[in-house]
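# Results of the structural survey
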Amino acid sequence: MALIHDFAVQGAQMTLVVAIAPLATGLVRKAKARLLRRKGPPVLQPYRDLLRLAHKDVVLAENASWLFRAAPYLIFAATWVAAALVPTFATGLLFSWTADLIAIVALLGSARFFLALAGMDTGTSFGGIGSSREVMIASLAEPAMIMIVFSLALLAGSTQLSAIAQYMVSPNVGLRVTLGLALVSLVMVGIAENARIPVDNPTTHLELTMVHEAMVLEYSGRHLALIELAASLKLLLYLSLIGCIFLPWGIAPMRAGWAAYASGAAFYAVKLAAGCLALALFETAIAKMRVFRVPTFLGAALMLGLLGALLLFVSRGL
Amino acid sequence: MALLLPLWCVPAFLVLALVAVSIARRPMATRLIYSATAIVSIVVCAGAFLGLRGEQAGAVRLPLGLPGVGANFHADALSALFLFIAGLGSLAASVYGLGYGKHETAPQRVLPFFPAFLAGMTLVVLADDAFTFLLSWEFMSLTSWALVMAHHRVKDNANAGYVYLLMASFGTFALLLAFGLLAGADGQYGFEAIRAHHPSAFYASLVLFLVLLGAGSKAGLVPLHVWLPLAHPAAPSHVSALMSGVMTKIAIYAFIRIVFDLLGPPVWWWGIAVLALGGATAVMGVLYALFQTDLKRVLAYSTIENIGFIFVGLGLALAFAADHFQIAAVLALTAALFHAFNHSIFKSLLFFGSGAVLTATGERDMEKLGGLIHRMPVTAFAVLAGCVAISALPPLNGFASEWLTFQAILLSPEFPQWGLKLFVPAVGALLALSVAFAAACFVRVYGIAFLGRPRSSAAADAAETDRFSLAVMLALAVVCLLAGILPGYVIDALGPAVQSLLGGHMPKQSAMPWLSLVPITKTRSSYNGLLIFLFIAASASITAYVIHLLASKATRRSAAWDCGFPDPSPLTQYTAGSFAQPIRRVFGTLVFRAREHIEMPPPGDVRPAKLEVHLEDIVWDSVYAPLAGAVGLAADRLNILQFLTIRRYLSLVFVALVALLLVIAIWR
Amino acid sequence: MHGLAFDVAHLLAGGLVLVSFMLLYQDRLYALLNVYALHAVVLSLSVAWQAYTQAAPHLFITAFIALVFKAIVIPVVLHRMIVQLGIHREIETITSIGPTMLAGIGLVGLSMAVMLGVTADASLIAREDLAFALSVILLGLLIMVTRRNAVGQVVGFMSLENGLVLAATGARGMPLVVEISVAFSVLIAFIVIGIFLFRIRERFDTVDVRALDRFRGERR
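Read on for an overview of the structure. (Residues numbered from 1 in each chain as written. Chains lettered and ligands numbered in written order. Predicted model: local features only at pLDDT ≥ 70, side-chain atom pairs only at ≥ 80, totals over all residues.)

## Overview of the overall build of chain A
Of the regular secondary structure elements, chain A holds eleven helices and one strand. Listed by position from the N terminus, the elements making up chain A come as α-α-β-α-α-α-α-α-α-α-α-α. Taken against the 2.2 N^0.38 rule, which gives 20 Å for 318 residues, the C-alpha radius of gyration of chain A at 19 Å falls within 12% of a compact globule. Taken along its principal axes, the extent of the C-alpha atoms in chain A is 60 × 45 × 45 Å. (Helix = DSSP H or I, 4+ residues; strand = E, 2+ residues; numbered from the N terminus. Rg over C-alpha atoms; globule rule 2.2 N^0.38 Å.)

## Focus on the overall build of chain C
A count of helices and strands for chain C gives eight helices and zero strands. Listing every helix and strand of chain C by position from the N terminus yields α-α-α-α-α-α-α-α. When the 220 residues of chain C are sorted by exposure, 44% land in the buried category. (Buried ≥ 20, exposed ≤ 12 C-beta atoms within 10 Å, placed from the backbone.)

## With respect to the interface of chain B and chain A
Facing 73 residues of chain B, the contacting portion of chain A comprises 74 residues. Among the elements of the structure, α15 (372-375), α17 (397-409), α18 (418-449), α22 (529-550), β3 (555-558), α23 (576-579) and α24 (581-591) of chain B are those that each provide at least two residues to the side of chain B that touches chain A. No other element matches the 15 residues that α18 of chain B contributes to the side of chain B that touches chain A. Considered class by class, the residues forming the side of chain B that touches chain A number 44 nonpolar, 21 polar and eight charged. As paired strands, strand β1 (residues 58-61) of chain A and β3 of chain B are joined by four bridges and run parallel to one another. Across the sheet, Val59 of chain A pairs through a bridge with Arg556 of chain B, a residue of β3 of chain B. (Contact = placed C-beta atoms within 7 Å. Nonpolar A, V, L, I, M, F, W, Y, C, P; charged D, E, K, R; others polar. Pairing = 2+ DSSP bridges.)

## Examining the interface of chain A and chain C
Facing the 17 residues of chain A at the interface are 19 residues of chain C. Elements with a contribution of two residues or more to the side of chain A that touches chain C: α7 (177-193) and α11 (294-311) of chain A. Considering every element that reaches the side of chain A that touches chain C, the biggest residue donor is α11 of chain A, with eight residues.

## Focus: the environment of Arg257 of chain B
Residues and elements named next belong to chain B. Relative to the helices and strands, Arg257 resides in helix α11 (residues 237-262). For Arg257 and Leu78, which are 179 residues apart along the polypeptide, the C-alpha to C-alpha distance reads 8.1 Å. When sequence neighbours within four positions are dropped, the list of residues in contact with Arg257 reads Leu78 and Leu262.

Shown next as structure tokens:
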């Protein structure tokens, strides 16, 4: 019975993330538009976009290979598995032990690997531009993320996300510089990984500045829909990650019962909305930086992560 | 005695080498020799496998070599592990050679040395006294040098061979000194005797330094790596695979055997030295790899990166062992050994892939390749698996060993020394950087060579390679997958070797629920490659099913969109150089003093614009160039010695003799 | 000193190191001044918190001095100075930011290793403060070393002095007189440097300190 219960929670989590990922994207767009005193598209517009894309024909470039056609499925699957393992409304997910935080980072790395390859498959200059910049960004963002994981894992004594989340609600966590540094660093990495301003602009097709959009330029129809959905999922994943590590309040513990799940879900919704609004506010307030400023930005994230890991040793406990 | 089965393979290999000398020019020689080496390699593997299963160790003493010492051979669990790696690599290379060897223009330069090289590697692992070890080591170096020189008329190969020979003799010399120190004043050269007698702390540290020079130069530790990217690519591809995949592991074996087994209890700062070298090697190696355009040279530099990774694991194990923290030491050593095994598999696979590309197109330069995924689909698939594995992406095996290493790094707060506590996370950052660079590097390799449009007619007309090569590559890809999704079995197999060195091993992984990887406790960390693989497979299929159920199935082919400016010429694609440009701008100026020089002709001028990039190899410029200069200078100065009279020569000899006698008189 | 009191002290002292890194990262003059003001605010908060938890009212004066002079007066004056002098607004650094930050991390690691190793039996908060303070001092020196612009060097110097104050409050032993004298000596140093800035500028038409080197006939 307990197993069925756990399965239900894990399954709910898995469907939940896919179901609400476009909503989060829509919310950010709407909030940004309102901040600019535009009316903006409806919050549900991303769903309509996905449906519309799914019903269109796929137009493949003449020399696109099987990899180009397989990549969207792989990218989506890897991102989905990663997102399904980050606690949203409840910790202690059934399969949380299959992949710890390092593995989740690496799963996202797999998705990016195939995305970058897909960008190069058609042999166009824009695909190349996107892929080459993406790997440059990733070459700094990924180590920064690993350093954040290090700080958290050294602190909580575990790389399991559930264990970290439980540690963060426990009373012995305290205020720590390390956590502050990790949060700042995680936000910076999240911005870069999700191709948000100031690193990349998700709404632009301005040729010289785009990174993510350049890689997916040749995609159309259902393939593009999958990639867009994967991008939304990734944004949701980062928001959930920040939520479950740095704002762990209200998250339901393992096998807590339906009432706790409901309140956990309510808390999650609030956190998500707050995260989306904060992102929109940040994006509106800041200007996009030049591509070659990005390494400095991410280098700072990496340094902050490393500094956080070093400063752990001055606090009590370690 | 099953463990000594591999010892019987050595004469078999040597006989094959002799046979090859006589029949090399005949057409059937290639097939005959490679089939025979494949069969003997299977025997090596079988013997090693029995050893890994816990078969009793055996020792043999042959009345050869030094009087009183003889030639001692012994195979314990550590030897068995490396014999297995060597046997598997030799088997793969032999079978690959069955197909690849047909295109060999000078088989008489390859066939005799190939079995001899295999014999040399097997002997090193089996040797049980210093003399036999050094002799086998030198034999391995020389035979591999002969293979590097197989195509000696090709530009730069002779230079590569020269540098390799110099560095190999230097490495052997360092090892010779190390064994001299280990043997002590009584000259006990048997490993058993060396093990029993521990040198003083100073001499032990000196031995560590010498071993880092000797084994490190063979493995490719920065700054001793300079020969490796020259020599490995110069050899025929299956030999490159052996050199990168297996010979570097033999060097790792030598390091482990001497430092962990023979040297006695470690000191904690040894860990720092090895960690620093390993971290620097990992990052430097992959940065070099990122800026190369020669396919095989990229792979050789990436070998350096992986060696750095392995040395980080070994350094951690040393430091933990010095602090008597056994669980962590065991974890770190297991991670290092696991990565050594994994690297031997995927690096062989990638070198085979580059060999297939080389035979199909005659090109090693990535700037002239492209679009091979259409012409060589099976090779492209296998190489993709290798690229994913070496980029440490789940669920393949590279990630499993990387994950284990990170788990060992996360135990760093347990160190009592502040230096280690703070230094180990910094090394972790270096490793994370190198892993991310490796992914970038292999996106570049695969994207430029296999994807996109062909950049030369050779690439456009390429044809799929032969079935032997394909079979080997696919088999290795399967091994990558299996070792990635079932890492528990591999780790259990490493258990006896780790046990023999550190007196403990990791908890039995294959007994864990769901075959998870649980290095310490389940609440601390666990990873399950099998389930991740199944999840990805399941969610990809569910997605595909749903998409094909609901979405439009129509697919049209059309010209690439490319923002509305499609260019028919493949020259507008990103090249290997331009792909690396962002990373070069960020890290190249720091590490390689990269400078760009742009020559833009004024409007109306018909000259083409030019962009030149200068990279400086700081290791070469700061270490080797001054050294070479000093040697040249000394040679110039000493040149006068060539033109002395006989009386002067005699007086030189006389003075030297008296000086030596004086030294003895003063010291004793 | 347990629980929340410790945590807040830890957070503020660590925040000071973080702001030092922000100083290191900045390459625009105005932003540099703003971050310096933040540095001083964090310092005064930290000192005030120490005053509160240690029940040492004289530390409030130190905090007040830090807030008024360092967080308000000096940045405002420097700001006006920059406007008056019309100094080029970007700071030239000697190496790029990446290596400088790396060196900074190394310095922090070094000061941790030294301080935590040496002060094994001191109280937890004193150890921490000393380790953080040494980091801030070393980072301040690093800022001075890596900036070519005199204003950047002044800011580096002032942040270094903040580190000294942090060390003094953490060690609990320093009398008020010493602190005030330190504060005033810094003020005097600041005035002297300010006058120098004007002088340099009048004579060489730049505040790039390389001009001074050239004037002395040295290379670079």
